[in-house]
Protein chains: 4
Amino acid sequence: MSYRYAYLGPRGTFTETAVRELAQGAEPEALPCGSIQATLDAVRSGRAELGVVPIESSVEGAVTATLDELAIGTELVICAEVLIPVEFALLTRPGTSLGDIRRVGGHPVAQPQCRNWLAANLPHARWLPAASNSDAARQVAEGGLDAALAGAFAADLYGLVPLAAAVHDRDDAVTRFVAVRLPGELPGRSGADKTSVVAFLMDDHPGALMDILGQFAFRGVNLTRIESRPTGDGIGRYRFFIDCEGHVAQARVGEALMGLRRVCSAVRFLGSYPQAVTAAADGAGTAAADAQADRQQDKSDAEYIEAADWLARIRSGQV
Amino acid sequence: MSYRYAYLGPRGTFTETAVRELAQGAEPEALPCGSIQATLDAVRSGRAELGVVPIESSVEGAVTATLDELAIGTELVICAEVLIPVEFALLTRPGTSLGDIRRVGGHPVAQPQCRNWLAANLPHARWLPAASNSDAARQVAEGGLDAALAGAFAADLYGLVPLAAAVHDRDDAVTRFVAVRLPGELPGRSGADKTSVVAFLMDDHPGALMDILGQFAFRGVNLTRIESRPTGDGIGRYRFFIDCEGHVAQARVGEALMGLRRVCSAVRFLGSYPQAVTAAADGAGTAAADAQADRQQDKSDAEYIEAADWLARIRSGQV
Amino acid sequence: MSYRYAYLGPRGTFTETAVRELAQGAEPEALPCGSIQATLDAVRSGRAELGVVPIESSVEGAVTATLDELAIGTELVICAEVLIPVEFALLTRPGTSLGDIRRVGGHPVAQPQCRNWLAANLPHARWLPAASNSDAARQVAEGGLDAALAGAFAADLYGLVPLAAAVHDRDDAVTRFVAVRLPGELPGRSGADKTSVVAFLMDDHPGALMDILGQFAFRGVNLTRIESRPTGDGIGRYRFFIDCEGHVAQARVGEALMGLRRVCSAVRFLGSYPQAVTAAADGAGTAAADAQADRQQDKSDAEYIEAADWLARIRSGQV
Amino acid sequence: MSYRYAYLGPRGTFTETAVRELAQGAEPEALPCGSIQATLDAVRSGRAELGVVPIESSVEGAVTATLDELAIGTELVICAEVLIPVEFALLTRPGTSLGDIRRVGGHPVAQPQCRNWLAANLPHARWLPAASNSDAARQVAEGGLDAALAGAFAADLYGLVPLAAAVHDRDDAVTRFVAVRLPGELPGRSGADKTSVVAFLMDDHPGALMDILGQFAFRGVNLTRIESRPTGDGIGRYRFFIDCEGHVAQARVGEALMGLRRVCSAVRFLGSYPQAVTAAADGAGTAAADAQADRQQDKSDAEYIEAADWLARIRSGQV
C-alpha cells in the first residue's frame, strides 16, 4: 500500500530524500509544501496521509517550527523517523569557476554548516539566504545567484553541476526527519521504539523539572532528548519536548506517562514509533540487536505484569 | 459479632488493655499467650481469629520480636492498630512502704521508662527483670519481689495496691499495638488509612535505599515510618519495614507498591488498616478531619483514574 | 566611566535599544557588527569592552547562535542582562498604502511574530527574509522591498514611516539580551542574581540528567532555564545551558557548581549577573523586593557558613 | 601506650573479647561496668579513656541502649569498631548431663540465638533471663541455674565446663562492638573508613527522608546503615542513625555532612573510624584491598579539590 506524503518542499531538498527513505522502495505520491506549517496542515486537512518534516539537526539543533507546530493546533502523532546524512555540494551553472562566484545562497541553516569551507574558498562571496537550498538552486539556474549550497541530488533538477562536493565542515552531520499523521491505531512495538511527548509544567517551584524527570528515571525509562521551548507567555515560561526509549504500549512507559500527566498541567502525546538507527550502526549486527532489544522490552513488561498480578492478589486478600 | 483474640499475656498487661480498646465495647474472648511468637502462632493455627501484640513504643522504639515474626513464617496481615498511653504505677503488697523495697521488677522495657523516678525514690533497690509487668506483680504477691512496675489496673488482679502512681518519666509515652489475622478480605477504606510492608533490597548499590523511597516520594505517598532490621545474614544486610499513608486499594499506594516490588528482591505486604489517632487528637474535630482525609484520598484517586483513562485513549489511538 | 559596546547591528535594531538600556543613560560608544559571531569576536579581540547580543525570545526561544558561540572558542562571561519588549511596526516609504505592498521583509524571526497580522492584512504579499529588520528597512528605502517589519524607532534612520504600529500578534513579546565581556572581576552580588553555565554530560546513562539537576535541587538552588543544544557529534549528543538563581559568590551556588563539575565531563562558567526584571514587575515594590531577596541570599549563606564552621570544628576534634 | 578500657561487663562476656581484640595484643587495663550507660559514663567522667559496648548484632539488630546513649548527654565519638563472631556454648558444673538441666539462663538476646538448639535438646528446661551471659554462668557456679548460654571462654572463670559447644542456630552470627572516647583529634584516614552521625529531621513533610539520603547519594557517598529510633516525643517522631563509607576528612563526606546539617534541625557527629572487616574477608588480599580503597578515596578527594580550585578561579574572575 502506498501513502500520499506531504513534505517540506520544494523538490530537490533533503526532506524529499527523507520521504524516499521512509517509503522504503515504494514510489510515494509526494506533495511538496511551502512551509512546515503548510506540510502539517496538509495532513490535518486530509490532503495527505503522512507529512514529513525535519525535527532536529545534529549541527543546528531543534527545528523549532516543527516542535512548536506539533505542540499546538490539531493533534498529530509521529509514526516514523529517519536519519539523513547532510552532505552539501556547491552547485553552479555549467562553466562557472570559483573565481566567478560573487553571490552564494542556500537555506539559512546551510551557511553555518559550511562556514569554514566558505571562509577558505569563497572569502569574498556574499551570502544570501533563500527559502530552501532547492530554491537557491533555482535562483542559480535563473541567474539571481552564482552558486547554491544544496544536496548534489538537486543539480539535475535545475540543470546545474556540482562545482565542489562535500563542502560541509563536519563529515557526520545528520538531520532527523519525522513522518506524522492523524491520531489512530499506533504503530506496533518494533523492539526498539521511541516515545515523544510535550509536557507543560504545573508551576515553577524549585525542583519542578526534577519531578518530571523522576517520573522516567524512577521507572528505569531512559530519556534520549529534552528540549525546552517558550510557551509564548513571557521569558521563563517553557514547555518541554521529551523523547524516551520504549513504546507507550509497554507498562514501564505507560506508567511513566501517567505519572507525567499527574505532575504536569498538561501533556500532549506525540507518538510511539520505531527508533531510527544511523547507517553506520545499521549493519549485519542489527537483527541480533533488535532481538535483544525486544527481549529486553519483554522482560521489562514481564516485571510490570508480575507486579500488577501481585497487587491484584493483595487487593483481593490473597497476599 | 465477637472475635476470639490471642494476645501477649498474661492478664493485667497493657496488651490486654489494647484488646479491650480494639474490641470497642464488645466483651472479647481473650486468650493470653506466653510470647509474641505464641500469640501469632495462635492466629496461624486458627485457635484465635485475631492476635494482638505491641509493635512500637514511643520511648523504646520497635518491638523487634513482632517485626521479625511478621517478616517470616506463615503470612499474617495487620487489620487494626491502637495507641495505648503507658502509665506505670509502683505496685506493692498492702502495708509496704518505700523504705521496705529492696527488689523491684517488671518487664525489661519498664525500667528505662521509669529510670529517673527509680533513681530518685528507690536508689538502692535492685532491679530484677521479669517476663512481663504482670508477672512481676505476681512475684510481688508471692513474695519474690517487693515491688513491681506495672499498670495500675494490674493491682486488683494480684491483691496489690499502687503505692505510687505515674512513676514513669515521660507523661506522653505511648505504645502502638496491632491486631493481625490471616490474609483475607481487606478492611475497607476508612479515609485515613495506613499501609505496611517489608522490603528486601535487591542488592547494595549506592542509592539503593533512595530507589526504594523514591517509589513513594515520586508518587506523593507519605512515609510514616521506616525501620531496618537485620536479615540475619551478617552485619550490613537489612530488610526494611515501611509504613505509609493510604490504603492499598488507592491507585497511588498500589502503584507505589508495584514499583517497590520491581526494585526489590521481595516485598511482603503487611496490611492496610485505619490509622490510629491519639486520644488528644481524637476530639470533636475528628469527623471533619476524617471527611477531609477522605476527600483527599478520593481526589488522589481521581487523578490516577484520569491519567489511566488518558493513557487508555492514547493506546487505543484516540490521543 | 563609559564603555565601548559592540552589538549585533546594524543601527535601528532592537539590539541597539538593548545597548542604550544597558548603558543606563550614558551615551555609549557603540560598534554595530554584522553577526553574533562578529560581535563576540570584537570583544575577544579587545576592540570593544562589552558585546551585546540577543540570547532568548519569549516567542522564538533560544538564539542558538549566541548559545553556541558562548560554549566554544575563547571564553566570555555574561555581566548583565536586559529584557526589551518587542513591538513591530510596518515601515514603508511615505505615501505607500497597504494595497501597494507586494514584498515585505524583515529578520527571519520577525515573520512568525507577526504571522496573524500579515495573514489578515497582507495575505498576498510575499515574505522576503533579510539579514536584520534594519536591513529590511534599508531595502525598503532603496526600493528593493515595499515594507519592512521593524521597530518603529528604525523609521527615522531610513526616511520611512510606520504605516501600521503594533503589528505583532502577542502584546507581551520580550527578548532577553546579554552583555558579555572578557573574564575578570565578577559583578558584585546585587541581591537578586542569576548564574549561567554550560554543562557537558559525562556519559549517557539513564538518569544522567537527573544527576545534573539534583546538584541544584538538593542544595535548594532554583533553575530558571535549561536549554539543550547539540554538541555536533551526532543526533543524541547534547550540551546543556543552565541558568540558576543566585550568584557564584554564594556558598549554595558555588557548591552546586562544584557538584556539577564533578558529575560532568566539563562545565563552562558563563557568568553571575543581576537578574533583569520586566518593566511590569519593576515598579514601586522593587526596592522592598530587592531587600528581601538580599536577606534571603544572606540567610542562605549564613546556613552554609554555619555548616562549614560546624564541619571545621568536627574535623579539628571539637565536636 | 596502653589505654584504660571501660566495658560492658562482667568479665567473661563477648564485650571483653572485643576489648582484647581492640587492644591488639597489648594487655589492656579493663574496667567492667554494670550497664551500657555506666560504661559510657566511665568515659565521660574520665575514669577510662575508652569505652567498649555492643552496637549491633547480625541476628538481633541494633543495641538500642547504645544508640540512645550516644544520641543524648555529653558527646562521645566512636574511634574504632570490631566484629566478634558470637558462638555460644552450654556451660554447666562438671558432671552435669543434659538430662539434669531444669533451668537454663543467659542474657535475653542469647535465647533467640539458640532457640532451635534449646527446643531440640532441652525442650522442657525453663528459660531464666540474666543480666549477662557471664552472670548466668556465675549463677550456675552458685547453683541457682543448671546451665548457662555463654561464650566457651567464660567457663574457666567460673569453674564450669562446656557441656555442648556451638549451640547457636546460625554459624555466622556476628556482633559489632565500638570503642568510644571523648571528642579530640580524629583517627587518621585508614583508606577504608566509616563515618557515623545522628540526624534529627527538621519536619515531617513528604520526602523528608529522601532529602536526607539525597545529601549522600548525590555526592556518591555510600550508606552502610540507617537505623531509626524514637525521639521519645510520641509515635511517629524519629531520629536517624546513619553510617556511611568514608572519613569526615574527605571532601565528599564533609560536604555531605554539611548538606545534612543544613536540611536537618540537628546533626550529632558520632565519629570517623577504620571500617572493621570480618575474619573471613580479612585474609591475604587485604593489603591490596586497602591500597585500592586508599587510592579510591584519594581519587575521590582529588575530584573535590579540583572542583574547589576551579570554583576559586571562577570567583576570582579567571574562568
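Every value quoted in this text rests on a predicted model; they were computed, and no experiment measured them. (Residues numbered from 1 in each chain as written. Chains lettered and ligands numbered in written order. Predicted model: local features only at pLDDT ≥ 70, side-chain atom pairs only at ≥ 80, totals over all residues.)

## Quick word on the arrangement of the chains
The two units chain B and chain C are non-contacting; their minimal C-alpha-C-alpha distance is 12 Å. Separated throughout, chain A and chain D approach each other most closely at a C-alpha pair spaced 12 Å apart. (Contact = placed C-beta atoms within 7 Å.)

## Description of the relation of the copies chain D and chain C
For the pair chain D and chain C, the relating rotation is 180 degrees, the translation along its axis is 0.1 Å, and the fit reaches an RMSD of 0.2 Å. Taken together, the rotation and translation relating the two chain copies correspond to the operation of a two-fold axis. In this assembly the copies share their binding face: 97% of the residues contributing to the interface of chain D also contribute to that of chain C. (Least-squares fit on C-alpha atoms with pLDDT ≥ 70 in both.)

## A look at the interface of chain D and chain C
Between chain D and chain C, the contact holds 29 residues from the first and 28 residues from the second. Elements supplying a minimum of two residues to the side of chain D that touches chain C: α8 (208-217), α9 (251-263) and α10 (286-315) of chain D. Tallied by class, the residues present in the side of chain D that touches chain C amount to 15 nonpolar, seven polar and seven charged. (Helix = DSSP H or I, 4+ residues; strand = E, 2+ residues; numbered from the N terminus. Nonpolar A, V, L, I, M, F, W, Y, C, P; charged D, E, K, R; others polar.)

## Digging into the relation of the copies chain A and chain C
Superposition record for chain A on chain C: RMSD 0.1 Å, screw rotation 180 degrees, translation along axis 0.0 Å. Both copies contact each other with a shared surface, as 100% of the interface residues of chain A are interface residues in chain C too.

## Comments concerning the interface of chain A and chain C
Between chain A and chain C, the residue contacts involve 32 residues of the former and 32 residues of the latter. Elements supplying a minimum of two residues to the side of chain A that touches chain C: β11 (174-181), α7 (208-217) and β13 (223-230) of chain A. It is β13 of chain A that contributes the most residues to the side of chain A that touches chain C, seven residues altogether. Counted by class, the side of chain A that touches chain C contains 14 nonpolar, 12 polar and six charged residues.

## Focus on the packing of helix α2 (residues 36-44) of chain D against helix α3 (residues 64-71) of chain D
Residues and elements named next belong to chain D. At a minimum axis distance of 9 Å, the contact between α2 and α3 shows a crossing angle of 35 degrees. Here α2 and α3 pass one another in a crossing that is right-handed. Residues I36, Q37 and L40 of α2 form the contact with α3, whose own contacting residues are A65, T66 and E69. Classifying every residue of the contact of α2 with α3 by side-chain character gives three nonpolar, two polar and one charged. (Axes fitted to C-alpha atoms, helices over the stretch in contact; angles between N-to-C directions. Left-handed = near helix turned anticlockwise from the far one by under 90°.)

## Here we look at the nonpolar core
Core analysis: the largest hydrophobic core is formed by 400 residues, its most contacted members being L91 of chain A, L91 of chain B, L91 of chain C together with L91 of chain D. In contact with L91 of chain B, not counting residues within four places along its chain, are A137, V140, A147, A148, A150, A154, A155, L160, V161 and P162 of chain B. (Core = buried A, V, L, I, M, F, W, Y, C linked by C-beta atoms within 7 Å. Buried ≥ 20, exposed ≤ 12 C-beta atoms within 10 Å, placed from the backbone.)

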